[in-house]
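Okay, here's what each chain looks like letter by letter:
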Amino acid sequence: MSTIRTLEELKAKRQEILDRKAARNGKTIINVSLATCSIAAGGKAALEAMQDEVAQNGLTGVEFMQSGCMTYCYAEPTVEITLPGKAPVVFGGVDEAKARELVTEYVMKGEPVEGIIPVNYERVVL
Amino acid sequence: MPATTTEKKQLRIATRNCGFIDPESIDDYIALRGYEALAKALTMTPAEVVELIKASGLRGRGGGGFPTGVKWGIALANAADQKYIVCNADEGDPGAFMDRAVLEGDPHSVVEAMAIGGYAIGATQGTVYIRAEYPLAIKRLKKAIDDARAYGLLGKNVFGSGFDFDIELKYGAGAFVCGEETALIRSMEGKRGEPVTKPPFPAQSGYWEKPTIVNNVETFANVPAIVLKGADWFSGIGTATTKGTKVFALAGKIVNVGLIEVPMGITLREVIFEIGGGCPDGKKFKAVQTGGPSGGALSYKDLDVAIDYESLIARKSMMGSGGMVVMDEDDCMVSVAKFFLDFTMDETCGKCTPCRIGSKRLYEMLDKITKGKGTHADLDRLKSLSVIIKDTALCGLGQTMPNPILSTMDTFADEYEAHIRDKKCPAHVCTALLTYTIDPAKCTGCTLCTKVCPVECISGTKKQPHTIDATRCIKCGACYDKCKFDSIIKQ
Ligand SMILES: Cc1cc2nc3c(=O)[nH]c(=O)nc-3n(C[C@H](O)[C@H](O)[C@H](O)COP(=O)(O)O)c2cc1C
Ligand code: SF4
Ligand code: SF4
Ligand code: SF4
Ligand code: FES
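Residues numbered from 1 in each chain as written. Chains lettered and ligands numbered in written order. Predicted model: local features only at pLDDT ≥ 70, side-chain atom pairs only at ≥ 80, totals over all residues. Heavy atoms only, no water.

With that settled, the discussion passes to the overall build of chain B. Secondary structure summary: chain B contains 20 helices and 15 strands in total. Its C-alpha atoms give chain B a radius of gyration of 26 Å, near enough to 23 Å, the size a compact globule of 491 residues would have. Referenced to the eigenvectors of the C-alpha coordinate spread, the extents of chain B come out at roughly 90 × 50 × 40 Å. Counting all 491 residues of chain B, 60% fall into the buried class. Taking the average place of the 59 positive charges on the side chains of chain B and the average place of its 59 negative ones, the gap between the two points comes to 5 Å. (Helix = DSSP H or I, 4+ residues; strand = E, 2+ residues; numbered from the N terminus. Rg over C-alpha atoms; globule rule 2.2 N^0.38 Å. Buried < 20%, exposed > 50% of the residue type's maximum accessible area, 1.4 Å probe, protein only. Lys, Arg positive; Asp, Glu negative; His and termini not counted. Charge placed at Lys NZ, Arg CZ, Asp CG, Glu CD.)

Here it is, written out as structure tokens:
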């Protein structure tokens, strides 16, 4: 990794990262909450089930990522899915069956799946 | 899925990135303008950074609410060959997990903020004091520090400014008192984690007797946002005395258990009902303990209080670090006070008498009351001993330990009264005060209860009303749970 010595270099780095992320446009992003709480609730099992379902169906336009606590302890494990060109949607209570259903119904067909957690916050974006 | 308001009651500043970025990717953080706040701060003078934080009105989120900028200013003004900045990640209140969530979800925001704070006070060394029970937070924090180093965002000559800064981790062994800043510093020095008297404050003489700033995880997480968005933006949120937001951990009898971040000044009603979804199973909300073992119970009478540091203290509670334990009609407030005293009795470091022995005496009196053996004289003693401990204990742990008692005695005087005068626990929690009887009008004589009673104290003829021998009943409640005809009366 090259070091960042100035604000300009930081901004250039940021642009490079944003460009890299923009290249993912057109892909479905599946973001699985993997904090202590979510892992304890079965987040890793949900991730593995979804990865397996994606592989079984030969989907190529899906990218997985992990994040920290999504704050919904009452609904863990939680998964955020962003379909291409759509707003991110967070699903709660994602056990293995729900995880597979999310892939086959929501990701593949865009069909609504139960367990959507409404966005009830405003988030400061710097 | 429980119903949640879709109205946007929450505002996420400290948790702005939690759940949105990969905490193990520095690039994810940089994509959201990560480390730009540090770059900007390094173009300012340290005094300007201190002034900015002062003007923002940011106050410590670790519980005390001391103005962060003022604290930084003291350390800046104290000339020394070395100064230190410490992140307090020893989160130990029962029911609190805000700091863990921030460290696991967005560790770079804390790393960046510590560097900004280090620059502002003139420290080249930062330490995160983190409890060893947080292995995932430790792993992600370590990776964040390593990645920041690899990018040159920590280390020598950060952003070519001539400022050197690095961060190390130190681990706490899970003693609650080590979250107290002077005990924390002693523990960092490899000594027993015991508090010492203040002053001198750590900002004057702390780690190895050098000026040391100790700030909470959440306090730090706000800093990059303030630097980039400005003091006016931050001070525009909140109440007259308390700016910005607070992260709370909702736990206990609440539908939407979880973390929330809300603007200061929000009412308890909004938090409990609109965001939290109220108590499960349609039970009646009774109280919420804020400030953990140092705080007090806010009751249904306080629902319209606008939450800030001062309003909570005025109601004999405190903000604390953000734990909110919700209680419903089935909770006994004397038992709740006893629960917290049990905790502090275990966690007292034993250095000073009022706390070491006082906690035990307070606990014993509460225990006596819950067993129906309390007297009005005990109530008076409970109050006077509480006040003495508050006035004489050395550190915050002892000084705040009586708060759960004083606040519940104040707000729920009737419950204490019922335990003492009527020998009854209105919430039917205190086992010693319970009686189980069978309502002969309802009992069908099905004999089910006789089969589950572990001490075989229920008798009767089949198809005739049964009776419980109260002298032998151990109040296990098995019959109550089993009876299909609601014939068993719990009182
Ligand atoms: C018994 C006790 C435990 C404490 N535990 C913590 C803790 O876990 N985390 C924390 O940030 N502050 C804790 N504090 C408060 C610290 O002493 C200190 O005030 C705080 O870390 C300062 O940071 P702030 O100004 O950013 O809030 C505790 C205080 C006491 C008396
Ligand atoms: S008040 Fe309690 S925890 Fe604090 S120094 Fe005294 S004995 Fe130790
Ligand atoms: S289970 Fe209920 S109805 Fe049946 S004998 Fe016992 S008290 Fe009576
Ligand atoms: S409460 Fe327990 S011990 Fe008492 S009568 Fe019922 S089952 Fe028997
Ligand atoms: S703490 Fe992360 S969802 Fe509960």
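From this point, the discussion proceeds with the structure in view.
Counting buried positions along helix α5 (residues 98–105) of chain B gives eight out of eight residues, so the element sits mostly inside the fold. For α5(B), the complete set of buried residues consists of B:M98, B:D99, B:R100, B:A101, B:V102, B:L103, B:E104 and B:G105.

Attention now moves to the side chain of B:S321. Residue and element names in this part refer to chain B. Topologically, S321 is positioned in the loop between α12 (309–314) and β11 (323–328). One polar contact links S321 to D93, side chain to side chain, over a distance of 3.3 Å. Once residues lying within four places of it in the same chain are set aside, the contact partners of S321 are R61, G62, G63, D93, A96, M98, E218, K246 and V247. (Polar contact = N/O pair within 3.5 Å; in protein donor to acceptor, adjacent residues only side chain to side chain. Contact = heavy atoms within 4.5 Å.)

A separate point is the site of ligand 3. The local shell around ligand 3 holds 13 residues, among which B:C443, B:C446, B:T447, B:C449 and B:C483 are the closest. Taken together, the residues of the shell around ligand 3 break down into eight nonpolar, five polar and no charged. (Near = heavy atom within 4 Å. Nonpolar A, V, L, I, M, F, W, Y, C, P; charged D, E, K, R; others polar.)

What follows is about the nonpolar core. Residue and element names in this part refer to chain B. The biggest cluster of nonpolar side chains holds 83 residues, and the ones touching the most others in it are Y35 and W72. At nine residues, helix α6 (residues 107–121) tops the list of elements feeding residues into this core. Excluding residues within four positions of it along the chain, W72 makes contact with V49, V50, I53, G117, A120, I121, I213, N215, F220 and V223. (Core = buried A, V, L, I, M, F, W, Y, C linked by side-chain atoms within 4.5 Å.)

As a further point, take the interface of chain B and chain A. Taken together, the contacts link 58 residues of chain B with 46 residues of chain A. Buried surface at the junction of chain B and chain A, summed over both partners, amounts to about 4400 Å²; 61% is from carbon and sulfur atoms. For the pair chain B and chain A, the interface holds two salt bridges. Measuring nitrogen to oxygen at the nearest pair gives 2.6 Å for the salt bridge that ties A:K21 to B:D28. Counting the contacts that link chain B with chain A gives 24 residue pairs in polar contact (both at pLDDT 80 or more). Elements represented by at least two residues in the side of chain B that touches chain A include exactly β1 (10–12), α1 (26–31), α2 (36–41), α5, α7 (135–150), β4 (155–158), α9 (217–229) and β8 (258–263) of chain B. In terms of residue class, the side of chain B that touches chain A is built from 28 nonpolar, 13 polar and 17 charged. As defined by bridge partners, strand β6 (residues 121–123) of chain A adjoins β1(B) across three bridges and the pair is classed as parallel. Each bridged residue has a counterpart across the sheet, and for A:Y121 the counterpart in β1(B) is B:Q10. (Buried area = accessible area lost by both parts, 1.4 Å probe. Salt bridge = Lys/Arg side-chain N within 4 Å of Asp/Glu carboxyl O. Pairing = 2+ DSSP bridges.)

Attention now goes to the site of ligand 2. Around ligand 2, a shell composed of 13 residues is seen, among which B:C349, B:K351, B:C352, B:C355 and B:C395 lie nearest. Taken together, the residues of the shell around ligand 2 break down into nine nonpolar, three polar and one charged.

Attention now goes to empty space enclosed by the protein. In the structure shown here, the tally under the stated rule is six cavities of 30 Å³ or more. The space that makes up the largest cavity amounts to roughly 120 Å³. Looking at the largest cavity, it is lined by 15 residues, and the ones nearest its centre are A:T71, A:Y72, B:Q10, B:L259 and B:I260. If you list the elements that add at least two residues to the lining of the largest cavity, you get β1 and β8 of chain B. Of the residues forming the lining of the largest cavity, the biggest block, four residues, is contributed by β8(B). (1 Å grid on protein atoms, 1.4 Å probe; cavity = no way out; pocket = protein on both sides within 12 Å on 5 of 7 lines; lining within 4 Å. Points joined across faces, edges and corners; volume = space filled by probe spheres on them.)

All names here are of chain B. The sheet built from five strands is open, its strands ordered β4-β5-β3-β2-β6 with mixed pairing. In this open sheet, the two edge strands, each paired with only one partner strand, are β4 and β6 (212–216). The average angle at which neighbouring strand axes cross in this sheet is 25°, direction not considered. Note that β4 and strand β5 (residues 163–172) share two bridges and pair antiparallel. Paired with G155 across the strands is F165, a residue of β5. Lying on the sheet, α7 is in contact with β3 (125–131) and β5; it crosses β5 at an angle near 165°. (Axes fitted to C-alpha atoms, helices over the stretch in contact; angles between N-to-C directions.)

This part covers the packing of aromatic side chains. Under the criterion given, the structure shown has 13 aromatic pairs over all chains. When the ring of A:Y72 is compared with that of A:Y74, the centres are 6.3 Å apart and the planes differ by 85°; the resulting orientation is edge-to-face. Centre to centre, the rings of B:Y207 and B:W208 are 5.5 Å apart; their planes meet at 35°, and the pair counts as tilted. The exposure class assigned to B:Y207 is buried, which follows from its relative accessible area of 7%. Grouped by ring-pair contacts, the aromatic residues B:Y84, B:Y207 and B:W208 constitute a single cluster. Of note, A:R123 hangs over the ring of B:F20, and the distance from its end group to the ring centre comes to 3.8 Å. (Phe/Tyr/Trp six-rings, centres within 6.5 Å; stacked < 30°, edge-to-face > 60°. Lys NZ or Arg CZ within 6 Å of the ring centre and 35° of its normal.)

Turning our eyes to something else, we now look at a nonpolar patch on the surface. There is a patch of nonpolar side chains on the surface, built from B:F66, B:V70 and B:I74 and spanning about 220 Å² of accessible area. Residue placement: B:F66 occurs in the loop between α3 (46–56) and α4 (68–77). (Patch = residues over 30% accessible without salt bridge, like charges linked within 9 Å, V, L, I, M, F, W, Y side chains within 5 Å. Areas by Shrake-Rupley, 256 points an atom, 1.4 Å probe, with all protein chains shown as cover.)

Turning our eyes to something else, we now look at the sheet that holds strand β2 (residues 62–67) of chain A. All names here are of chain A. Spatial strand order, β2-β1-β3-β4-β5: five strands in an open sheet with mixed pairing. Each edge of the open sheet is held by one strand with a lone partner, namely β2 and β5 (116–117). Its contacts with the sheet put helix α3 (residues 43–56) on β1 (28–33), β2 and β3 (79–82), and the angle it makes with β2 is roughly 170°.

Residues and elements named next belong to chain B. Mean pLDDT over chain B: 95, with 99% of residues reaching 70 or higher. Below pLDDT 50 for its whole length, residues 1–5 participates in 18 contacts with residues either more than four positions away or in separate chains. The ipTM for the predicted assembly is 0.95, set against a pTM of 0.94. (pLDDT = per-residue confidence, 0-100.)

Time to look at helix α18 (residues 413–422) of chain B. Residues and elements named next belong to chain B. Those residues of α18 that fall on the buried side of the exposure criterion are E415, Y416, A418, H419 and I420. Where the residues of α18 are buried, they touch β9 (285–290), α13 (333–347), α14 (353–370), α15 (376–392) and α17 (403–411). Looking at the residues trailing α18, positive phi occurs at K423, about 55°.

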